[in-house]
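Residue-level structural notes
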Amino acid sequence: MSTTIRPWTDADLPLLVGANDPAMTAHLGGPETEQKVRERHAKYLSLVESREAGIFAIELDGVAVGCANWWQSEWHGEDVVEMGWFVVPEAQGRGVAVKGVAAVLDDAWRRADRRRVLAFPAVENVPSNRVCAHVGFERISEEDFPYRDTVLRVAVWSLQLGAPPSAD
């Protein structure tokens, strides 16, 4: 079983559409409209092209089964890197998210100019909170987090990236 990441492509739209079901979005306030999913996909493609963020498909044995991303963000006045991810149900429970998130953290370590990474899984999203712990994040607090058209109760996880590799 081989888990890898690759940059998001136009062919990954069905993955976002499939992840937009009630079970997959239960911890995010529910599904988005088809238009919002298409807008998210277009934004992902734009960010890949501009290299402003790391937007990746997670593959299991060459088949896209999830997504893991990092982007520049702000939290309580601090410039940070924020992460998010999902893995489709049929690939869950096999370490795919942990491996994908670890690989995306490596990309952030190389390319992001901010060194603190935060993740905000819903408090009740046990699998995503476990992913944070497995890849080395430290749970620092809980807070109410505005997201889409709702407010989520999230666990705040923090990870400090080391110095990036030198360019010599």
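Residues numbered from 1 in each chain as written. Predicted model: local features only at pLDDT ≥ 70, side-chain atom pairs only at ≥ 80, totals over all residues. Heavy atoms only, no water.

Some thoughts on the sheet that holds strand 3 (residues 63–75)
The condition is simple: What makes two strands pair is DSSP finding at least two bridges between them. Elements are defined by DSSP. Helices are runs of H or I of four residues or more, strands are runs of E of two residues or more, and each kind is numbered from the N terminus. To get an axis, a line is fitted to the C-alpha atoms, and for a helix only the part in contact is used. The angle between two axes follows their N-to-C directions and goes from 0 to 180 degrees.
The 7 strands lie next to each other as 1-2-3-4-5-7-6, forming an open sheet whose pairing is mixed. Of all the strands in the sheet, the pair left with one neighbour each is strand 1 (3–7) and strand 6 (138–147). Within this sheet the neighbouring strands show an average axis-to-axis angle of 30°, counted without direction. As defined by bridge partners, strand 6 adjoins strand 7 (residues 150–160) across 9 bridges and the pair is classed as antiparallel.

Points about the pairing of strand 5 (residues 116–119)
The condition is simple: Burial status follows relative accessibility: with a 1.4 Å probe on protein chains alone, a residue under 20% of its type maximum counts as buried, one over 50% as exposed, and anything between as partly exposed. We call a crossover right-handed when, viewed with the strands running away from us, the connection from the first strand over the helix to the second turns clockwise.
Neither face of strand 5 is left uncovered, since the one carrying Arg 116 and Leu 118 and the one carrying Val 117 and Ala 119 both have all their residues buried. Bridging between strand 4 (residues 78–87) and strand 5 involves 3 bridges; their strand directions are parallel. The residue of strand 5 that forms the bridge with Glu 82 is Leu 118. In this fold, the crossover linking strand 4 to strand 5 by way of helix 3 (residues 96–111) has right-handed handedness. Alignment of strand 5 against strand 7, held across 4 bridges, turns out to be antiparallel. Residue pairing across strands places Val 117 opposite Leu 159, the latter belonging to strand 7.

So, the state of the cysteines
Let me state the cut-off plainly: Disulfides are defined in this document as cysteine sulfur pairs within 2.5 Å.
Tallied over the entire structure, the rule returns 0 disulfides. Of all cysteine sulfurs, the one in Cys 132 lies closest to Cys 67, which takes part in no disulfide; the gap is 15 Å. Classification of Cys 67 by relative accessible area gives buried; the value is 1%. According to the relative accessible area criterion, Cys 132 is buried, its value standing at 0%.

A word on helix 4 (residues 126–134)
Each α-helix turn comprises 3.6 residues. Residues three or four places apart therefore point the same way. Here is the rule: The directions considered for the arc are those from the helix axis to the C-beta atoms.
For helix 4, the set of buried residues is Ser 128, Asn 129, Val 131 and Cys 132. Viewed end-on, helix 4 has its buried residues packed into an arc of 150°, placing them on one side of the element. When the buried face of helix 4 is taken as reference, the exposed residues oriented beyond 90 degrees from it are Pro 127, Arg 130 and His 134. Taken from the residues just after helix 4, Gly 136 is the one with a positive phi, measuring 105°.

Thoughts on the confidence of the model for the protein
For the record, the criterion: Each residue gets a pLDDT score, which is the predictor's confidence in that residue and runs from 0 to 100.
Chain-level statistics for the protein give a pLDDT mean of 93 and a share of 96% at 70 or above. At the level of individual helices and strands, the protein shows its lowest average pLDDT in strand 6, which scores 94, and its highest in strand 5, which scores 98.

What to know about the nonpolar core
Operational definition: Put simply, buried Ala, Val, Leu, Ile, Met, Phe, Trp, Tyr and Cys residues joined by side-chain atoms within 4.5 Å make one nonpolar core. The criterion used for residue contact is that any of the two residues' heavy atoms lie within 4.5 Å.
Residues Met 83, Trp 85, Leu 105 and Phe 137 are the most contacted members of the largest nonpolar core, which totals 43 residues. With residues up to four places along the chain from it excluded, the contact list for Trp 85 reads Cys 67, Ala 68, Ala 97, Val 101, Ala 119, Ser 128, Val 131 and Cys 132. Val 80, Phe 120, Phe 145 and Val 156 belong to the second-largest nonpolar core, a separate cluster that totals 8 residues.

A short note on helix 2 (residues 34–50)
Going by this rule: By definition here, a helix of n residues has an expected span of 1.5 Å times n minus one.
Look at helix 2: 24 Å from first C-alpha to last across 17 residues, which is about the 24 Å you get at 1.5 Å a residue. Residues Val 37, His 41, Tyr 44 and Leu 47 constitute the buried set of helix 2. In an axial view of helix 2, the angular spread of the buried residues amounts to 125°, which keeps them on one side of the axis. For helix 2, the exposed residues lying more than 90 degrees away from the buried face are Lys 43 and Glu 49.

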